[in-house]
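# Structural overview for review
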Amino acid sequence: ARCPAPPILRLFSSAGQLCALAPVRSGRSMGASGSPMICCAVPTEPEDEYVPEATNTSLQGEWKVNGRTIRADPTYATAADFPDFGAMPPEKAERKVYQIKEGATRKAEYRPFPHTRTWQDVPWLVAFVCMTIAVWGGGLLKCSSLMSLFDEMSAEADTEADASQTLYVGGDTMSGAQLLILICAAGLVSAFSAMSFVFLTYKCPACIVWSSLCLGPALTIVGGLATMAYGSEAAVLLGAVLVFLGAIGLCINLCCYRDFIPFTVQITEVVGSILQQHPCMISVGFLGSLLSFVWFVGSSLALAAIFYAYNSEGAMEDSDAVRYTAVFVVSLVFMWGGGVASNVCHVTYCGVFGRWYFGNIEGTLAPSLKVATTTSFGSICFGSLVVAVVRALEAVARQMQEDATEGGNWVVCIVACALQCVLSALGDVIEYFNDWAYVQCAIRGVSLFESASITFSLMTCANTKYILADLLLNSVVNMGQVMIAFVATMVTSIIGFVLYGTAGMVAGFVVAFVIGLLAGGAASGVINSGVKTLLVSWAENPEPLSRSHPEVHEAFKEKVSKIAWME
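The paragraphs below set out a description of the structure included in this document.

Criteria and cut-off values
- Residues numbered from 1 in each chain as written.
- Predicted model: local features only at pLDDT ≥ 70, side-chain atom pairs only at ≥ 80, totals over all residues.
- Heavy atoms only, no water.
- Helix = DSSP H or I, 4+ residues; strand = E, 2+ residues; numbered from the N terminus.
- Buried < 20%, exposed > 50% of the residue type's maximum accessible area, 1.4 Å probe, protein only.
- Contact = heavy atoms within 4.5 Å.
- Axes fitted to C-alpha atoms, helices over the stretch in contact; angles between N-to-C directions.
- Parallel < 35°, antiparallel > 145°, perpendicular 65-115°, else oblique.
- Left-handed = near helix turned anticlockwise from the far one by under 90°.
- Salt bridge = Lys/Arg side-chain N within 4 Å of Asp/Glu carboxyl O.

The next thing to look at is the environment of C381. Here C381 is to be found in helix α12 (residues 377–407). Take C381: its relative accessible area is 0%, and that puts it in the buried class. Along the sequence, C381 and V340 sit 41 residues apart, while their C-alpha atoms lie 5.9 Å from each other. Ignoring anything within four residues of it in the chain, the contact list for C381 reads W124, L125, F128, W336 and V340.

Following this line, the structure appears as structure tokens:
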């Protein structure tokens, strides 16, 4: 009998497996396998059960082209079905085949969208709740010290009636009420920009894809020209470099990625059509952005109160160990809470798209949100915690690098820089892994490890890495967010300048950029979740997509057929 590995080792073993599924060009990938986590068998209220429609069995099971297997049946898979396994040692290849069959077994045990779900990964849910109570409760208990500090600062400030309520920029002034008006304007413009982005995703997906690919290089060129306008030699040189880099990036997108754009447009159009049927999904993104903001502000005040209280009492030593511990704790709290809010939205989106794919079940948004905030919340907390720990360690390494640079210790600086790079890459890998693993959490309600195991099995057997290699998903998602923030920033800055002059323009630029990024993340995050749910669901059963969007199904089949002609 096999002895299960410790949880943290099983997690990174899982991440290493899904790494093989990611396209080489992206440089980010992840994986899946391991034993199930602890779960609490507390059923929720019954929800709609997935009842499959009549299926075309010829689309399931094994596919062969040119005598080669392009889609293996995970239940009966062998090492010969996967050309990549031929270069591995036999023991490693057989181990991967075993993991594929293990995932297939778990998939058979859990039906999509069951009547009842068990609470998964409960210890991590409890840990998150305890952390929240400790941080926010501690902040409330120690807030008196921080309030005393604020009172002292207010007493020493200018006593003029409007001194603390006025913003001075370039000779113009703004009151707090005027700033509030600009914040509201930024929110409305950002919301309108996000909804327009979603609308165009369906009505004009080609425009969205092309704009997303060209926006980054175009902004770089514009920034370079604006820098050159200063006239100094340094400005002209820097501007010329920016223009050159922007032109190179534009050429790469237009020439090297040109063949991938029609395929990306096809997938974006499918996701956009589903968004049009369920437009209320955007409200979940806005709610998640609001919760992230509340978490950041509340945790900042709570941690400030705690650290100030202990520092004023002389309980904290002024040493590197204390400072690095403080950096780790603060980063962990911020990253964990923000990650939980973001992943709740992601799991909700995956549930909506999954319900659409497997049968157009009515009432998709409310049940999906309920799953994300109840039975699968522990899995969300677990995955977010792992990412938060890595990001917190990265923040400590960054602080060590800055300290070593100031102290002239170049050996420590180089080591800290290398460590920071490794942790950054590891964090990206785990984030990518979580995105895929959460799909099965939304569809089947399994634990994070079980979800990773099922996802690895399905996507390996369906050879979806050849689909991902030709899909410009990251470019559309990331630049879509920037595009929404850019539009919101420009419009709000103009409104601020017209109403309140230079001060209004500067204030509008700052608040609109922050709010625009949050709104952009909400809108583009839906596309990211939709594409990944679509791929995982197609890997399990291609038949629903072949009926609803046969051209996309054929495009997927054409991509994975590449394996039949490889040497």
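A few words on the packing of helix α13 (residues 410–444) against helix α16 (residues 473–540). For the pair α13 and α16, interaxial distance at closest approach is 10 Å and the crossing angle is 65 degrees. The angle between the axes of α13 and α16 places the two elements in the roughly perpendicular class. For the element pair α13 and α16, the recorded crossing hand is right-handed. Note on element contacts: α16 touches α13 through N528, K532, T533, L535, V536, S537 and E540, opposite Y432, D435, W436, V439, Q440, I443 and R444.

Moving on, we get to unusual backbone geometry. A positive phi angle, near 50 degrees, is found at F113, a position not held by glycine. Looking at the secondary structure, you find F113 in the loop between α2 (90–109) and β4 (119–120). The phi angle at N463 is positive, at roughly 55 degrees, despite the residue not being glycine. Of note, N463 is situated in the loop between α14 (448–461) and α15 (465–468). Looking at N463, the relative accessible area reads 6%, which means it is buried.

Pairs can form between side chains of opposite charge once their charged atoms are near each other. Following the criterion strictly, the structure yields 10 salt bridges and no others. With its nearest N and O atoms 3.1 Å apart, the salt bridge here joins R391 to E394. Placement of the pair is R391 and E394 together in helix α12, with a separation of 3 residues, close to one helical turn. For E540, the salt bridge is made with R444, and the minimal N-O distance between the two is 2.5 Å. With a gap of 96 residues between them, E540 in helix α16 and R444 in helix α13 connect regions that are remote in the sequence. Each member of the pair E540 and R444 is classed as buried. Counted as one network, the salt bridges with shared partners bring together R391, E394, R398, D428 and E431.

The analysis is restricted to geometry; functional conclusions fall outside its scope.
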